[in-house]
Amino acid sequence: TTASAAPVGQAPEHGSRRKQRREAQKSKKEPDEPMVPVEERTTVMLRNLPNNYNRDTLLKMMDDEGFEGQYDFIYFPVDFKTQACLGYAFVNLVTPDVVPRFWRVFDGFSNWVMPSKKVCGVTWSGPHQGQEAHVDRYRNSPVMHRMVPDAYKPLVFKDGRVADFPAASKHPRAPRSR
């Protein structure tokens, strides 16, 4: 006699091992999951932003939606070759109390100032949380190199105004061309 047949296209017991691995993976913390407790988090990632937006357009949008002075860090990555945004941004809000309202306004947001069918999504930034973590992340990054236009660099804010980005602790290398 033969052993019980496996489902078509699947080796015997392979599916159960795969399921066990999936379950084990779910129980592990995601590598990009912030280590900061949810109630202390302040940095979000805005996703699915229109590619024709720039940093100034994003800042105006946030201010127009009532968040002027409520963020102290923003990084809006741009493709250096095409000069188009990559469709996401990191925003650090000044306190965890601002996060729920920001999330409600921008998760599902589609009231763009330029024509776009995109719908914004909000997620936690991970693994970096907080202004200090993001400054540490970017201060020596190639994006801070002197040949990168200022409009492509992250910004820090103090009391709602753009402040000097903390100096690099070493010379950032030039960004790679792709």
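Residues numbered from 1 in each chain as written. Predicted model: local features only at pLDDT ≥ 70, side-chain atom pairs only at ≥ 80, totals over all residues. Heavy atoms only, no water.

**Remarks on the pattern of salt bridges**
Logical step 1: Taken as a whole, this structure holds 3 salt bridges when the rule is applied.
Logical step 2: Among the salt bridges present, the one from Lys 60 reaches Asp 64, with a minimum N-O distance of 2.7 Å. Here Asp 64 and Lys 60 lie together in helix α2 (residues 55–67), a separation of 4 residues that amounts to about one turn. Accessibility classification places Lys 60 together with Asp 64 in one group, the exposed group.
Logical step 3: One salt bridge connects Asp 150 with Lys 153, and the closest N-O pair in it is separated by 3.6 Å. (Salt bridge = Lys/Arg side-chain N within 4 Å of Asp/Glu carboxyl O. Helix = DSSP H or I, 4+ residues; strand = E, 2+ residues; numbered from the N terminus. Buried < 20%, exposed > 50% of the residue type's maximum accessible area, 1.4 Å probe, protein only.)

**Looking at the sheet that holds strand β6 (residues 161–163)**
Logical step 1: Strand order in this open sheet of 6 strands is β4-β1-β3-β2-β5-β6, and the pairing throughout is antiparallel. In the strand order of this sheet, the two ends are held by β4 (121–124) and β6, each with one partner. On average, each strand axis in the sheet is tilted by 30 degrees relative to the strand beside it, whichever way the strands run.
Logical step 2: Sitting on the sheet, helix α3 (residues 99–106) is in contact with β1 (43–47), β3 (88–93) and β4, with an inclination near 145 degrees to β4. (Pairing = 2+ DSSP bridges. Axes fitted to C-alpha atoms, helices over the stretch in contact; angles between N-to-C directions. Contact = heavy atoms within 4.5 Å.)

**Some remarks on the confidence of the model for the chain**
Logical step 1: Scored by pLDDT, the chain has a mean of 81; 79% of the residues are at 70 or more.
Logical step 2: Put simply, helix α1 (residues 14–27) is where the chain has its lowest mean pLDDT, 47, and α3 is where it has its highest, 97.
Logical step 3: Here residues 1–15 scores under 50 on pLDDT; set against residues more than four positions off or in separate chains, the count is 3 contacts.
Logical step 4: Counted against residues more than four places away or in other chains, residues 20–31, with its pLDDT under 50, gives 3 contacts. (pLDDT = per-residue confidence, 0-100.)

**Remarks on helix α4 (residues 131–138)**
Logical step 1: Along α4, the positions that sit buried rather than exposed are His 134, Val 135 and Tyr 138. Seen from one end, α4 has its buried residues packed into an arc of 100 degrees, which puts them on one side.
Logical step 2: The inward-facing, buried residues of α4 abut β1, β2 (71–75), β3 and β5 (155–158). (Arc of directions from axis to C-beta.)

**Here we look at the packing of aromatic side chains**
Logical step 1: A full pass over the atoms with the stated rule returns 12 aromatic pairs.
Logical step 2: Residues Tyr 75 and Tyr 138 carry aromatic rings whose centres are separated by 4.6 Å and whose planes lie at 50 degrees to one another, so their mutual orientation is tilted. A residue pair is termed long-range when its members are at least 10 positions apart, and Tyr 75 in strand β2 and Tyr 138 in helix α4 qualify at 63 residues. By the burial criterion, Tyr 75 is buried, and Tyr 138 matches it.
Logical step 3: Note on Tyr 88 and Phe 90: the rings are 5.8 Å apart at their centroids and 80 degrees apart in plane angle, and the pair reads as edge-to-face.
Logical step 4: Judged by its relative accessible area of 25%, Tyr 88 falls in the partly exposed class.
Logical step 5: Taken together, Tyr 53, Phe 67, Phe 102, Phe 106, Phe 109 and Trp 112 form an aromatic cluster joined through their ring pairs.
Logical step 6: We note Arg 41 situated over the ring of Trp 124; from NZ or CZ to the ring centre the distance is 5.2 Å. (Phe/Tyr/Trp six-rings, centres within 6.5 Å; stacked < 30°, edge-to-face > 60°. Lys NZ or Arg CZ within 6 Å of the ring centre and 35° of its normal.)

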